[in-house]
Amino acid sequence: MRRIAVLTSGGDAPGMNAAIRAIVKAATRHGLEVFGVENGYDGLIDGRMAPLQPREVDPIGAFGGTILGSARSGRFRTEEGRALAASHLQDMPLIVIGGNGSLTGAHLLATQTGTRVVGMPASIDNDIGCTGLCIGVDTALNTIVQATDRVADTARAHRRVFVIEVMGRHCGYLAMASAVAAGAEACLIREQGKAEQKILNDLKALLHVSLTGDSPKRKVLIIKAEGVQLPTERLVSELQAYTDAQLGGVDVRATVLGHVVRGGAPSYQDRMIAGRLAIGAVEALLQGSTDRMVAWQPWSEGGVPTSDPSVVLFELEHVLRETEALLDGTSPVTRRRVRMMETYEGVIAL
Ligand code: F6P
């Protein structure tokens, strides 16, 4: 093995460039040449790749996004697409940096074409099984907390209620973690499985308790994961009707953070995790591993240990099963998060 390839796929995440940089440096250290694939699996199908030099990638660790570009590839969902992609690799091993869909593609590429593939979890949603954190999560959380602090300033100034919608696709991790850190009064996540009327009733009760009595609050922040089916616009309208009727017409507004959550320079933690996972991925390929993902697990729960005490290797098939359980609610991790959210609900509203 004298050459390896690397691609970034799916939603970009802060820290992807730090991962690319570390892969190039670690591989070069082992005498390997690294080829960067343009625009994820789409670029691989078109054979769009070029060498990456250590000096060239030196500055990119501090940049958000991904210098390689990313894409969601419909063509790669077909066996023909994957076979064409594999043909361009010409037996070069591949590191895939991406989220759930990207790692699913990596597993299919490895099992259906024999390509040697190691995955690195990178998704702000933190919706990948077996890894405590994905690359990008820490930066996204810091972005949400800073934005929420700003909204809180103006909400207090005008005594307003704000619904702040955050990304996360079907996973409520960003909403839950940021709600606690930013001092929100409520948090809505899909995993709670609450019916729409229950959500509305609970929030109306929260507004009543928060905005009346001897020491009424100057602001109420509700952080809502985008995976919650109740549209933010309708939620605001329902709560505004309630405050108009019962609470003197306190203003209810919305801020949808959207892709702001995915941009920005990666935090220390994302750079650190990206670097250590990258070294684990290069080492795994050198040791002949394939169809694996390097996971960030400071507590080392299962998996095959690596030279880094916080990095372990899991079979991609196992990772994908755990990911499915995370999202369908059967995972103990999700059940624990929902239980924690229920505990928080009694506290953060005070
Ligand atoms: O998976 C990362 C993510 O940012 C999700 O949180 C979000 O729902 C989705 O990507 C948005 O995808 P796109 O950028 O293609 O609109």
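The paragraphs below set out a description of the structure included in this document. (Residues numbered from 1 in each chain as written. Predicted model: local features only at pLDDT ≥ 70, side-chain atom pairs only at ≥ 80, totals over all residues. Heavy atoms only, no water.)

Moving on, we get to the pattern of salt bridges. For the structure shown, the criterion picks out 17 salt bridges. Between Arg 75 and Asp 46 there is a salt bridge, with the nearest N and O atoms lying 2.9 Å from each other. Taken together, the residues span a long stretch of sequence, with Arg 75 in the loop between α3 (54-57) and α4 (79-89) and Asp 46 in the loop between α2 (40-45) and β3 (49-52) at a distance of 29 residues. Here Asp 308 makes a salt bridge to Arg 276, at a shortest N to O gap of 2.7 Å. Taken as a pair, Asp 308 in the loop between β11 (304-305) and β12 (311-315) and Arg 276 in helix α10 (residues 268-286) lie far apart in primary sequence, 32 residues in all. Here the salt bridges do not stand alone but share partners, grouping Lys 194, Lys 198, Asp 202 and Glu 345 into one network. (Salt bridge = Lys/Arg side-chain N within 4 Å of Asp/Glu carboxyl O. Helix = DSSP H or I, 4+ residues; strand = E, 2+ residues; numbered from the N terminus.)

Attention now moves to helix α11 (residues 316-328). Given 3.6 residues to a turn, an α-helix orients residues that are three or four positions apart in the same direction. The first and last C-alpha atoms of α11 sit 18 Å apart over 13 residues, in line with the 18 Å expected at 1.5 Å per residue. Along α11, the residues classified as buried are Leu 316, Val 319, Leu 320, Thr 323, Ala 325, Leu 326 and Leu 327. Just downstream of α11, Gly 329 is the residue with a positive phi angle, here 90°. (Expected span 1.5 Å × (residues − 1). Buried < 20%, exposed > 50% of the residue type's maximum accessible area, 1.4 Å probe, protein only.)

Another aspect to go through is helix α8 (residues 196-211). With 16 residues, α8 extends 22 Å between its outermost C-alpha atoms, agreeing within 8% with the 22 Å of an ideal straight helix rising 1.5 Å per residue. Listed in full, the buried residues belonging to α8 are Ile 199, Leu 200, Leu 203, Lys 204, Leu 206, Leu 207, Ser 210 and Leu 211. Along α8, the residues classed as buried sweep out an arc of 160° about the axis, all on the same side. Where α8 is buried, its residues touch β6 (160-166), β7 (186-188), β8 (219-225) and α9 (232-246). (Arc of directions from axis to C-beta. Contact = heavy atoms within 4.5 Å.)

Here the focus is unusual backbone geometry. You will see that Asp 91, though not glycine, has its phi angle at about 70°, which is positive. Examined against the element boundaries, Asp 91 turns out to sit in the loop between α4 and β4 (94-98). Even without being glycine, Asn 126 reaches a positive phi, approximately 55°. You can see Asn 126 is positioned in the loop between β5 (117-121) and α6 (137-158). Since its relative accessible area comes to 1%, Asn 126 is described here as buried.

The next point concerns the site of the ligand. Taken together, Arg 72, Ile 124, Asp 125, Met 167, Gly 168, Arg 169, Glu 226, His 259 and Arg 262 form the complete shell of residues around the ligand. Between Arg 169 and the ligand, the recorded distance is 3.4 Å, taken from a side-chain N or O atom to an oxygen atom. Contact with the protein chains removes 74% of the 400 Å² of surface that the ligand exposes when unbound. Among the cavities detected, the one that contains the ligand is the largest pocket. (Near = heavy atom within 4 Å. Polar contact = N/O pair within 3.5 Å; in protein donor to acceptor, adjacent residues only side chain to side chain. Areas by Shrake-Rupley, 256 points an atom, 1.4 Å probe, with all protein chains shown as cover. 1 Å grid on protein atoms, 1.4 Å probe; cavity = no way out; pocket = protein on both sides within 12 Å on 5 of 7 lines; lining within 4 Å. Sits in = over half its atoms within 2 Å of the grid points.)

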